[in-house]
Amino acid sequence: MIDPAGAPGESGNVTGELILGIDLGTTQSAVGAVESGFPILLADADGRRITPSAVWFGADGAVEVGRKALRRRTVEPGRVVTSVKRLMGRRHGEEREFCVPMERAADGGVKVLGRSPEEVSAEILKELKRIAEMRLERPAGKAVITVPAYFNDAQRAATKRAGELAGLEVVRILSEPTAAALAYGLDKLGERSRVAVYDLGGGTFDLSVLEMQDGVFQVLATRGDTRLGGDDLDLALARGLAPDFDTLDAAAKVRLLDEAERVKRALSERESETFRAPFYDGSRSLETEVTRAELEALAKPLVARTLTCCRQALSDAGTGVAELDAVVLVGGSTRIPAVRRAVAELFGREPDLSQHPDEAVALGATIQAGVLGGTMRRMVLLDVTPLSLGVETFGGLMNVIIPRNTTIPCKAGEMFTNAATGQALMRVRVLQGEREMARDNWELGNFEVPFEPMPKGQARVGVQFRIDENGILEVLARDVGTGRDTVVEIRNAAVDVDDAAVEKMVGESVEHAFDDMAERIFTEARLKAEELLPAVAQALADAGDLVAAGERQEIEQAAAAVREALAAGLPNPLKAAVQRLDKATEAFAAALVERAMEEALMRRM
Ligand code: ADP
Ligand code: MG
């Protein structure tokens, strides 16, 4: 069903048909499109790529979607519909609880505020379509929409109808875990591979085990809980802080829940955060410090329930954790550190964090849309090195071995030598970044290479970088003298760099380009000068008879100019002075070589 390898547009032709990729989530939704061959998510006018799946229906027929709808909740809680996805394709009576009263439709389905779940979902889809058209500056009429793997035919058909009501032809309904696997590039794993997708969102949890063969994914097993997610944690926190929570009116509950959610998100980054709800019920206020440990204690039973589902799904699929090729985290709630730890422990491996968990499904839908529309280049962002990789060399300079944007897998190498006579160890510092000086780049690792002690500049150490298709960097250093190899593996860091960090690094390299270049020129000239000055002084002392008086004067003046420029710390004058000294000593150096050869011949005779 999915075959990126045979995708049209592979030959760089990216003029295809525009198809949107949409994650229509229970709590949040997002839309993307392939632009210039790359899948990207599209941000609204405020720059946000995620839209809450909330719809406000005003008494006068006005409709608002997303954050604007959520803001209306404190004033008109009964007119805001959230989590409508729970009602998609359901019969009246199947869902017992909902944020607004449910009515029975003539056909036995459910209605809320006089609308079918498809009609409410269509409002969210219209908003996403509008955001996309605003960003892309052209009309969009087709979409790929994702649904949970466990959605039945009725639920899938309802999703398709919602798309049509929004003016979108739904060219494919795609399973959320499959979309996530595509976003993580798992379709490029070996011929036959198994992956687990752990998706903990706002109101639902599911774990799916997928098998991929020849670019086609099949869901082997899926288990979950449609009443388990981040919202439960918000509720537990609000209840914990306001013991009379359940007796409050709807508006007060919304205020406390909104603040609980904000604090919860903050605690994924920080160890503690202040919960502030001034006049939450009109008269009382709450202000208290919440720690990550306290939140984790509340999360513990929820996390334990997800792990039970994981074990069941693995058993359904007849798969042990060791047989899995990857474990992927999806859903905003997997940003919670305790969730990540629990998953890592159960699966016995660190989860892949290279994608934003709350954007992966939309990104995967976009990739599928790009493949179907023929706008997707075969090469996706994961396939290139986002930043240059290299090693530190003499003088603290960055020596690039694999430049930025090189397609992986790849390998490249260079020869290095010893900086001092008798040196028996060389430290290899593996660096990533775009700056000229090593200290301004990121160190991915460092190790020591032993080699036979030799005079300065005589030892030969070859350093080779190899990045495999999984983005794992292997650095090999070989002492050419002894043939001894030192191999170090640097996992993941080379390719899995956060987009924002790449942007920042590239931005800084441009910003500092002139200073960096000046520093590199100075350092290179200084190294040369430090080598040249003592050598010239020594030669003049040993074989001064070989130079004419005028030549000697020029050499001495040139050497003085080098010392001056060194002291002044000016890059270009130093470079010029070193070149002048080099030129001034050219004839002298040739004469020295000639004399050395004559002497050697004499000795032999
Ligand atoms: P869904 O698929 O159900 O629409 P998402 O995957 O978008 O949901 O996840 C939404 C949930 O993720 C919400 O409960 C939200 O509070 C939670 N969430 C988002 N960011 C964070 C974070 N940084 N830390 C903890 N929870 C988060
Ligand atoms: Mg989701």
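Focus: the overall build of the chain
For step 1, the next point in the chain: For the chain, the count of helices and strands is 14 helices and 25 strands.
For step 2, the next point in the chain: The C-alpha atoms of the chain give a radius of gyration of 32 Å, which is well past the 25 Å a tight globule of 605 residues would have.
For step 3, the next point in the chain: Projected onto the principal axes, the alpha-carbon positions of the chain cover approximately 115 × 55 × 45 Å.
For step 4, the next point in the chain: Scored against the burial criterion, the 605 residues of the chain give a buried share of 48%.
For step 5, the next point in the chain: Across the chain, the fraction of contacts at a sequence separation of at least 24, relative to all contacts at a separation of at least 6, is 63%.
For step 6, the next point in the chain: Per element, the accessible surface of the chain, about 28600 Å² overall, is 50% carbon and sulfur.
For step 7, the next point in the chain: Side-chain charges of the chain comprise 74 positive and 95 negative groups, with the mean position of each set lying 3 Å from the other.

As for unusual backbone geometry
Residues other than glycine predominantly adopt negative phi, and peptide bonds predominantly adopt the trans conformation.
For step 1, the next point in the chain: Phi is positive for Leu113, which is not a glycine, with a value near 50 degrees.
For step 2, the next point in the chain: Despite not being glycine, Phe279 shows a phi value in the positive range, around 50 degrees.
For step 3, the next point in the chain: As for its placement among the helices and strands, Phe279 is situated in the loop between β15 (272–277) and β16 (286–291).

As for the site of ligand 1
For step 1, the next point in the chain: Taken together, 18 residues lie near ligand 1, and Thr27, Gln28, Glu261, Lys264 and Ser268 sit nearest.
For step 2, the next point in the chain: Contact between ligand 1 and Lys264: an oxygen atom at 2.7 Å from a side-chain N or O atom of the residue.
For step 3, the next point in the chain: Of all the secondary structure elements, the ones that give two or more residues to the shell around ligand 1 are α5 (230–241) and α6 (250–266).
For step 4, the next point in the chain: By residue number, the principal contributor to the shell around ligand 1 is α6, which donates 3 residues.

Some details on the sheet that holds strand β7 (residues 80–82)
For step 1, the next point in the chain: With respect to topology, 3 strands assemble into an open sheet ordered β6-β5-β7, the strand pairing being antiparallel. Both edges of this open sheet fall to β6 (63–65) and β7, since each of them pairs with a single strand only. Pairwise comparison of adjacent strand axes, ignoring direction, gives a mean angle of 20 degrees for this sheet.
For step 2, the next point in the chain: Of the pairings in the sheet, the one linking strand β5 (residues 54–57) to β6 comprises 3 bridges and is antiparallel in character. Its bridge partner lying in β6, Phe57 is registered against Val63.

Focus on the pattern of salt bridges
For step 1, the next point in the chain: By the definition in use, this model includes 46 salt bridges.
For step 2, the next point in the chain: Of the charged contacts, one joins Arg429 and Glu443 as a salt bridge, the two residues approaching to 2.5 Å between their closest N and O atoms. Residue Arg429 is found in strand β21 (residues 425–432), and its partner Glu443 is found in strand β22 (residues 442–450); the two are separated by 14 residues along the sequence.
For step 3, the next point in the chain: Between Lys583 and Glu586 there is a salt bridge; the shortest N-O distance is 3.8 Å.
For step 4, the next point in the chain: Each of Arg90, Glu94, Glu95 and Arg227 takes part in one network of salt bridges that share partners.

A few points about the environment of Val63
For step 1, the next point in the chain: By the secondary structure assignment, Val63 is in strand β6.
For step 2, the next point in the chain: Overall, the relative accessible area of 32% leaves Val63 in the partly exposed class.
For step 3, the next point in the chain: Along the sequence, Val63 and Val80 sit 17 residues apart, while their C-alpha atoms lie 9.7 Å from each other.
For step 4, the next point in the chain: For Val63, the residues in contact, after removing those within four places along its chain, are Val55, Trp56, Phe57 and Glu123.

Re helix α4 (residues 176–183)
For step 1, the next point in the chain: Of all the 8 residues making up α4, 8 are buried; the element is thus mostly covered by neighbouring parts of the structure.
For step 2, the next point in the chain: Regarding α4, the residues found buried are Glu176, Pro177, Thr178, Ala179, Ala180, Ala181, Leu182 and Ala183.
For step 3, the next point in the chain: Positive backbone phi, approximately 75 degrees, marks Gly185, located one or two places after α4.

Remarks on the packing of helix α11 (residues 513–543) against helix α13 (residues 571–584)
For step 1, the next point in the chain: Where α11 meets α13, the closest approach of the two axes is 8 Å, and the angle between their N-to-C directions is 35 degrees. For the crossing formed where α11 meets α13, the hand is left-handed. Contacts from Ala518, Ile521, Phe522, Ala525, Arg526, Lys528, Ala529, Leu532 and Leu533 in α11 reach Pro571, Asn572, Leu574, Lys575, Val578, Leu581 and Asp582 in α13.
For step 2, the next point in the chain: Here the residues of the contact of α11 with α13 sort into 11 nonpolar, 1 polar and 4 charged.

Examining the domain arrangement of the chain
The extent of an interface is frequently quoted as the accessible surface area lost upon association of the parts.
For step 1, the next point in the chain: Structurally, the chain comprises domain 1 (20–382), domain 2 (389–498) and domain 3 (513–604).
For step 2, the next point in the chain: The straight-line distance from the C-alpha centre of domain 1 to that of domain 2 is 43 Å.

Observations regarding the state of the cysteines
For step 1, the next point in the chain: Here the structure, examined in full by the defined rule, presents 0 disulfides.
For step 2, the next point in the chain: Left without a disulfide partner, Cys310 is nearest to the cysteine sulfur of Cys309, which lies 6.9 Å away.
For step 3, the next point in the chain: Accessibility expressed as a relative area gives 0% for Cys310, which makes it buried.

Observations concerning the sheet that holds strand β20 (residues 410–416)
Neighbouring strands of a sheet are bound in pairs by backbone hydrogen bonds; such pairs are parallel or else antiparallel.
For step 1, the next point in the chain: Reading across from one edge, β20-β23-β24-β25 is the order of the 4 strands in this open sheet, with antiparallel pairing throughout. The two strands at the open ends of the sheet, each matched to only one other strand, are β20 and β25 (484–490). Pairs of neighbouring strands in the sheet enclose a mean axial angle of 15 degrees, with direction left out of account.
For step 2, the next point in the chain: In the sheet, β20 pairs with strand β23 (residues 461–467) via 7 bridges, with the strands oriented antiparallel. Counterpart to Cys410 in the pairing with β23 is Ile467.

Cut-offs applied
Residues numbered from 1 in each chain as written. Chains lettered and ligands numbered in written order. Predicted model: local features only at pLDDT ≥ 70, side-chain atom pairs only at ≥ 80, totals over all residues. Heavy atoms only, no water. Helix = DSSP H or I, 4+ residues; strand = E, 2+ residues; numbered from the N terminus. Rg over C-alpha atoms; globule rule 2.2 N^0.38 Å. Buried < 20%, exposed > 50% of the residue type's maximum accessible area, 1.4 Å probe, protein only. Contact = heavy atoms within 4.5 Å. Areas by Shrake-Rupley, 256 points an atom, 1.4 Å probe, with all protein chains shown as cover. Lys, Arg positive; Asp, Glu negative; His and termini not counted. Charge placed at Lys NZ, Arg CZ, Asp CG, Glu CD. Near = heavy atom within 4 Å. Polar contact = N/O pair within 3.5 Å; in protein donor to acceptor, adjacent residues only side chain to side chain. Pairing = 2+ DSSP bridges. Axes fitted to C-alpha atoms, helices over the stretch in contact; angles between N-to-C directions. Salt bridge = Lys/Arg side-chain N within 4 Å of Asp/Glu carboxyl O. Left-handed = near helix turned anticlockwise from the far one by under 90°. Nonpolar A, V, L, I, M, F, W, Y, C, P; charged D, E, K, R; others polar. Domains from an automatic or database assignment. Disulfide = S-S within 2.5 Å.

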